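# Overview (structure and organization)
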Amino acid sequence: MSNLVEGKNIVIMGVASERSIAWGVTTSLHKAGANLIFTYRQDRSYGKLTKLLEKHKIEAKWIVECDVASDESITNAFATIKDKVGVIHGVVHSVAFANRDELKGEYANTSREGFLLAHEISAFSLVAVTKAAKELMTEGGSIVTQTYLGAEKVIQNYNIMGVAKASLEASVRYLAEDMGKYDIRVNAVSAGPIRTLSAKGVSGFNEKQGLIEEKAPLRRNVDQDQVGDATLFFMSELSRGVTGEVLHVDSGYHIIG
Ligand code: NDP
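Let me sum up the structure you'll find in this document. (Residues numbered from 1 in each chain as written. Predicted model: local features only at pLDDT ≥ 70, side-chain atom pairs only at ≥ 80, totals over all residues. Heavy atoms only, no water.)

This paragraph deals with the sheet that holds strand 4 (residues 90–93). Taking strand neighbours across the sheet as the criterion, the seven strands line up as 3-2-1-4-5-6-7 in an open arrangement whose pairing is parallel. Edge positions in the sheet fall to strand 3 (60–65) and strand 7 (246–249), since each has one partner strand and no second. On average, each strand axis in the sheet is tilted by 20° relative to the strand beside it, whichever way the strands run. Against the sheet, helix 3 (residues 71–84) touches strand 1 (9–13), strand 2 (35–40), strand 3 and strand 4, its axis set at about 155° to strand 3. (Pairing = 2+ DSSP bridges. Helix = DSSP H or I, 4+ residues; strand = E, 2+ residues; numbered from the N terminus. Axes fitted to C-alpha atoms, helices over the stretch in contact; angles between N-to-C directions. Contact = heavy atoms within 4.5 Å.)

Now for the pattern of salt bridges. All told, the structure shown has three salt bridges when counted by the stated rule. Glu 237 is the salt-bridge partner of Lys 8, the closest N and O atoms lying 3.5 Å from each other. Of this pair, Lys 8 sits in the segment before strand 1 while Glu 237 sits in the loop between helix 7 (224–235) and strand 7, and the two are 229 residues apart along the sequence. By relative accessible area, Lys 8 is classed as buried at 19%. With a closest N to O distance of 3.4 Å, Glu 18 and Lys 55 form a salt bridge. Here Glu 18 is found in the loop between strand 1 and helix 1 (21–31), whereas its partner Lys 55 is found in helix 2 (residues 43–55), with 37 residues between them in sequence. The exposed category is assigned to Lys 55, whose relative accessible area is 55%. (Salt bridge = Lys/Arg side-chain N within 4 Å of Asp/Glu carboxyl O. Buried < 20%, exposed > 50% of the residue type's maximum accessible area, 1.4 Å probe, protein only.)

Here you go:
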């Protein structure tokens, strides 16, 4: 898999722990020779990220704070990246948030505030990040976000996050059209359930993984590395003809009725 993204500057947003999907992406892109730039929100995540990088002997090209709830923070983060790194070739958007108490029970109970928050952090952030990243993608590029089947079908307890992911996937298509003329591709990976800090916030997580083992064609759950390799495909020239796509990395579960 070497040379696929050799020497490309790729921004990874959303490493909060060793279990993060963004960490699986990090190891895949690193093995394939990419230069990695990271953004984080909480100081705790910064601490985890720097320890992980040290442990795995991965040298970050730059690390910068970026809270996607703030336009100013996004602008400052990409201005810093432009200043320190110059041109970028890819962005991996692996961030989402919803109120934990709205990830159980009836979707009908979603609050106005919770609805807006989930959409702001989990969907609008891709729009804002794409706009900021485009300025640095002067040689073309690839933007990949992480989504989930709850965007397409009703998955118990996923509730507001499913609706926000539907908005995210529609945004992938509209952004793909906007960015295509700049040779920037926009795609999503739709992963099966993976035990991460965020996944713990959704009620009934174990049952979801059990269903995959029972019903998915491959009869096993996916892991961060598999999502990382699919994201690598989108970052590399191998996917140069693909944009506006949602690729399921879920052991085939989405095809089962
Ligand atoms: P993690 O909890 O490891 O990662 C979530 C990340 O989102 C954290 O790094 C967190 O940063 C970041 N984040 C939250 N709010 C903000 C914000 N305002 N600004 C910037 N960053 C923010 O969980 P996952 O790896 O599971 O989640 C990554 C993506 O994958 C999400 O979009 C998720 O919906 C998606 N996904 C997850 C699946 C799963 O089963 N785990 C399945 C399919 C998709 P911090 O902790 O510093 O706040």
